[in-house]
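As a plain string of letters, each chain reads:
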Amino acid sequence: MPLDGFLDPYYQEVYLDADSIPLFSRLVKELSADSVDDYVETLEHEVWKYTVKEPNYGKAARRMYNVFRMNGSYREAAYIRELFDEPVTALYQVSALIRTLDDAASSGDVFSTDAMVAQCDALIMSAIQALDGPEEAKMVAHLLSLRNSLQAKESHAQRTDEMSGIQDAALAAVNDYFERALRSVPEIEAYLHDIAARAP
């Protein structure tokens, strides 16, 4: 038990290192049933929050992965784990990368415009791999506009709308992807209905 009382970071480490699963499983066996139940209850409140109150199905999926592992729904847990390997999840990184590019361009420090444009090009390729149809066109248009802004060395204020558009489009694409993927499995759809019916 970590000093702050939160177990979640330890559970999340399984994403980073599959070799830690045996140790993780051993530790879980040592926990009291109440600890596990409390942890699952906390996660399920978070699932409700991210599917009902403030929809963010990517965040909900991360929590559901642990809920399903803890309650023995291993098929559903494995399915959710596979979702995180899909190209569209790379769009989660877009918001942070956009802010980093903007900070670098606005800092007054000497940053290579070519390096920032190359980062923007990489984001464009990620969007092309991850999206299709109108979503792809919208995201690529936003990223091209940002690329042009970086090349022209425009100010932060001139880029603000473009950055907001990119972040909104990226988050919407990731949210739509996870919601569709989760609801396509009848057992997970039933679970989401059950969660939605619960009082917060």
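Not measured: the values here are computed from a predicted model. (Residues numbered from 1 in each chain as written. Predicted model: local features only at pLDDT ≥ 70, side-chain atom pairs only at ≥ 80, totals over all residues. Heavy atoms only, no water.)

## As for the overall build of the protein chain
- In terms of regular secondary structure, the protein chain is built from ten helices and zero strands.
- Sequence-ordered secondary structure for the protein chain, helices as α and strands as β, is α-α-α-α-α-α-α-α-α-α.
- The proportion of buried residues among the 200 residues of the protein chain is 39%.
- For the protein chain, the proportion of contacts with a sequence separation of at least 24, taken over those separated by at least 6, is 64%.
- Summed over all atoms, the accessible surface of the protein chain reaches about 11500 Å², with 54% contributed by carbon and sulfur. (Helix = DSSP H or I, 4+ residues; strand = E, 2+ residues; numbered from the N terminus. Buried < 20%, exposed > 50% of the residue type's maximum accessible area, 1.4 Å probe, protein only. Contact = heavy atoms within 4.5 Å. Areas by Shrake-Rupley, 256 points an atom, 1.4 Å probe, with all protein chains shown as cover.)

## Points about the side chain of Glu44
- Tracing the chain through its elements places Glu44 in helix α3 (residues 33-53).
- For Glu44, a relative accessible area of 14% translates into the label buried.
- The contacts of Glu44, once residues within four sequence positions are left out, are Val67, Tyr191, Ile195 and Arg198.

## Brief notes about the confidence of the model for the protein chain
- Of all residues in the protein chain, 79% attain a pLDDT of 70 or more, and the chain-wide mean is 80.
- Within the protein chain, the element-level pLDDT minimum falls on helix α1 (residues 8-16), averaging 49, and the maximum on helix α10 (residues 186-197), averaging 96.
- Predicted confidence for residues 1-6 stays below pLDDT 50, and this span has three contacts to residues more than four positions away or in other chains. (pLDDT = per-residue confidence, 0-100.)

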